[in-house]
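Residue-level structural notes
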Amino acid sequence: MSIAPNSPAAPRVRVLVVEDSPVSQELLTTILNGDPALQVVGIAANGEAAVAAAEQLRPDVITMDIHMPGLDGYGATRRIMERCPTRIVMVTGSLLADEVAASFRAMESGALAVIVKPPGPGHADYAAARDELLRTVKLMSEVKVVKRWAARDPVTSPPPLKAAVTDVSQPRPRIVAIGASTGGPVALQVILSRLEPSIGAPLVIVQHISPGFADGFTQWLAQASAYDVRVPVHGEQLLPGVAYVAPGGLQLTLDPNCSVRLVDEPAEHGFKPSVSFLFRSAAQFGPEAVGVLLTGMGRDGAQELDLMRRAGALTIAQDKASAVVHGMPGEAVKLGAASHVMTPETIALTLNRLLRHDGKTSGIRQ
C-alpha cells in the first residue's frame, strides 16, 4: 500500500473512481489526490470496468457514478457487493428528486452514502461540495465491516421475530422520533416497510443528509417502503401514519401541539439537521414519546436519547449486529440511554404494538 508523503506511518485511503465523463474523472481525481490522506488507485469509465477494477485493485472506497453506458452504477454496486464487498459512495450529478432517488436505490445493494458531484472550481458551491466529498470518503473508509443488505419486498410478510411482547403501563405515544446516519436509509426502509399504515402517531426522522437531497431521499424511501413519507414545511401539523423527514440545512424541532418548526440554528455534532436537536424537543412529550437511534458514526443523539428516557419515553437503540456502524446507538447503550436494543425488524414490530388503534398499550420485553 502506498504511504502519504511526509507521513510514513499513515497509510492513505485507496480510492477507485467510477465515472464515464473524462472531465468529471479529472475533477474527482484532482480533488481526491489533493488530500494527503487519499490516493486514487484507479479510474473506471463504466460499470463492467468498475467491477473488474474492484476485484483487481481491492480499493478501500469506491466513488460510483449512476448513469454510465452498459452496466450502470446501480448494477455495478450490486455486483461488487456480491463479489468483493467494498465501501461505496454514490456520487450524483443532479439534485433533481428523481435522480437523487435513483442514487439511493443503490443503498439497497450495500452502498453507504450518497453525495453530490462537485461542480467546477469556479462555481460558488465548489468548496462546500469538495469538502463534503473528502469528508465522506474518509469517514466511509473507517467502516470496518461492509454488510450487504438483502433485497426486501415491502409487500411480503416479515420473518418471525424473537421477541416477547407484553403489556406495559406506558400510554400510547403521540410522537415517534427517529435518528440515523451511515446505514440509516436501509434501516429506515426496513422499519417503514413493516409498519401498519394506520398507526396512531406521526414519525419524525432525522437522517444525516446533505442540503438538496431530502426530496429525493423521501421519494426513494416512500417507494421502497410503501409508507407515506414526506418532507414537512415549517408550522405543519403532523399526522398519524405519516413519516416526516427533516430537510438538509435546517434543524427540526417539535412544538407541544405536534407541529414542526424548521429553524436555521447551528449544526450539532457537525450535522444540520441533527438528531440531538430533534430528541431534545421530543423529550417534552415524556412517556407519550418514543425515541429510536439507528446506525451511524459518532454520538449525535445519544445523550438526548437519555434525556428522553429520563423524561419517561420508551427509548430504543439499534443492535450492533444489524448496524452498519454502531457508533451512535453504541454510545446510547454505553450511557444507559436505551431501554431496549433491537433489530430494525423488531423495532417495527414494537411500534406496531405500541401504536395500534385498539386502545391497548403494549411494549416489548427481551
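Here we summarise the structure given alongside this text. Since the structure is predicted, the reported quantities are computational estimates derived from the model, not experimental observations.

**Let's talk about the overall build of the protein**
Per the secondary structure count, the protein includes 11 helices and 16 strands. Burial statistics for the protein: of 366 residues in total, 57% are counted as buried. Long-range pairs, those at least 24 residues apart, make up 72% of the contacts in the protein between residues at least 6 apart in sequence. Accessible area of the protein: about 14,500 Å², with a carbon and sulfur share of 52%.

**Thoughts on the packing of aromatic side chains**
Evaluation of the coordinates by the stated rule reveals 4 aromatic pairs. Ring geometry for Phe 104 and Phe 217: centres 5.0 Å apart, planes at 55°, overall tilted. Placement of the pair is Phe 104 in helix H4 (residues 97-105) and Phe 217 in helix H7 (residues 214-225), with a sequence separation of 113 residues. Look at Phe 217 and you get buried, because its relative accessible area is 0%. These aromatic residues form a ring-pair network of at least three members: Phe 104, Phe 213, Phe 217 and Trp 220. Arg 105 extends its terminal NZ or CZ atom over the ring of Tyr 74, reaching a point 3.8 Å from the ring centre.

**Overview of unusual backbone geometry**
In this model, Lys 272 is joined to Pro 273 through a cis peptide bond whose omega is 20°. You can see Pro 273 is positioned in the loop between strand S12 (260-263) and helix H8 (275-282). Not every positive phi belongs to a glycine, and Arg 58 is a case in point at roughly 50°. By the secondary structure assignment, Arg 58 is in the loop between helix H2 (47-57) and strand S3 (61-64). For Arg 58, a relative accessible area of 51% translates into the label exposed.

Criteria and cut-off values
Residues numbered from 1 in each chain as written. Predicted model: local features only at pLDDT ≥ 70, side-chain atom pairs only at ≥ 80, totals over all residues. Heavy atoms only, no water. Helix = DSSP H or I, 4+ residues; strand = E, 2+ residues; numbered from the N terminus. Buried < 20%, exposed > 50% of the residue type's maximum accessible area, 1.4 Å probe, protein only. Contact = heavy atoms within 4.5 Å. Areas by Shrake-Rupley, 256 points an atom, 1.4 Å probe, with all protein chains shown as cover. Phe/Tyr/Trp six-rings, centres within 6.5 Å; stacked < 30°, edge-to-face > 60°. Lys NZ or Arg CZ within 6 Å of the ring centre and 35° of its normal.

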